[in-house]
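Spelled out from the first residue to the last, the chains are:
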Amino acid sequence: MKIIAQTKRGKFYVEEKEGGEERFILIADWQFFRGIIQPKEELNFDDLKKGFLWSQQKGFIEEDSSIISVMIARGKKHGLSPEESVLRADYLPTSSSFRQVNQEDRKDSSDYNHCDKVFQPLNCSGRTIYPIVDNLEHLKKLFDIGVSLIQFRVKEKSQSDVLVLVKKAVELSKKYSFSKLIINDYWEAAMESGAFGVHLGQEDIKDADISTLRSSGLRLGISTHSFWEVSCALHLSPSYIACGPIFQTHVKKMPWVPQGTRNLSYWVRILPKPLVA
């Protein structure tokens, strides 16, 4: 291997080619992100090192710096500065995290980590609100006033109670021709009940059967909080990407620093998928 960067938290390196292999493989092996970064083309080793160092000097953690270094190295090939490179949506690589797959439960993890199909689109025109509710009463009120895209998110209840509520929520949504109900977390219940889509967090992805989800026609939304999580989400070609937290929240414990409206504007500009925040 050729080490691009190494700290106490791990390393970022180019995997050596074997026996005539033509692929250029970048491996990130950090505390929160361990996986393959897929730039699609071979990049200059020194440009990757300089891009990583630039990112670290800007205050990014190693996981994000690995992704940003690829964007900068891509831009360098075309004479762009680091500042210009990170504004290019087409320079943002996709990544397959080894932790997106529950290795003990899924023997076909190598196939799982190669997604060449996309989830169906939301088909929402322009900007819209995306309320999140946890009860049927509020869900009905929103449908009654014409809100179409809604997430049903139930926490702190038994799984059996949640499954009953999900089924009732989907049945309610089908009374409104315009409804687009997204179920949080419970992807199997969402499929069985015929929901419009499902929203998964980073920890939920590893246990979900992505191939079955895609084949079912469900839309998929994925939560992200950083460059490396966005890169991994893009690899799965979801219907939309959620970025957060934008502001400080007390609704749930968040280990992430709020991104603020400036970072939100950046992701709106660069992401090739619909964005919710």
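Only a predicted model underlies this, so the values are computations on that prediction, with no experimental measurement involved. (Residues numbered from 1 in each chain as written. Predicted model: local features only at pLDDT ≥ 70, side-chain atom pairs only at ≥ 80, totals over all residues. Heavy atoms only, no water.)

Attention now moves to the sheet that holds strand β5 (residues 94–97). Spatially, the five strands line up as an open sheet ordered β1-β2-β3-β4-β5, and their pairing is antiparallel. Of all strands in the sheet, those with a lone pairing partner are β1 (2–7) and β5, marking the two edges. Taken over all neighbouring pairs, the strand axes of this sheet differ in orientation by 20 degrees on average, direction set aside. Two strands pair when backbone bridges link them, and strand β3 (residues 25–29) and strand β4 (residues 34–38) are joined in this way by four bridges, in the antiparallel orientation. (Pairing = 2+ DSSP bridges. Helix = DSSP H or I, 4+ residues; strand = E, 2+ residues; numbered from the N terminus. Axes fitted to C-alpha atoms, helices over the stretch in contact; angles between N-to-C directions.)

Mean pLDDT over the protein: 89, with 89% of residues reaching 70 or higher. Between residues 100–114, whose pLDDT stays under 50, and residues either more than four places distant or in other chains, the model counts 30 contacts. (pLDDT = per-residue confidence, 0-100. Contact = heavy atoms within 4.5 Å.)

The geometry of an aromatic ring pair comes down to the distance between the two centres and the angle between the two planes. The full count for this structure, using the stated rule, is 11 aromatic pairs. A network of ring pairs unites the aromatic residues Phe60, Phe227, Tyr266 and Trp267 as a single cluster. The cationic tip of Lys2 hangs over the ring face of Phe45; the distance from NZ or CZ to the ring centre is 4.5 Å. We note Arg88 situated over the ring of Tyr91; from NZ or CZ to the ring centre the distance is 4.5 Å. (Phe/Tyr/Trp six-rings, centres within 6.5 Å; stacked < 30°, edge-to-face > 60°. Lys NZ or Arg CZ within 6 Å of the ring centre and 35° of its normal.)

With the rule as written, the count across this model stands at 10 salt bridges. The closest approach of N and O atoms between Asp29 and Arg34, which form a salt bridge, is 3.6 Å. Assessed through its relative accessible area of 37%, Arg34 is described here as partly exposed. Connected through salt bridges with shared partners, the residues Arg9, Glu62 and Glu63 form a single ionic network. (Salt bridge = Lys/Arg side-chain N within 4 Å of Asp/Glu carboxyl O. Buried < 20%, exposed > 50% of the residue type's maximum accessible area, 1.4 Å probe, protein only.)

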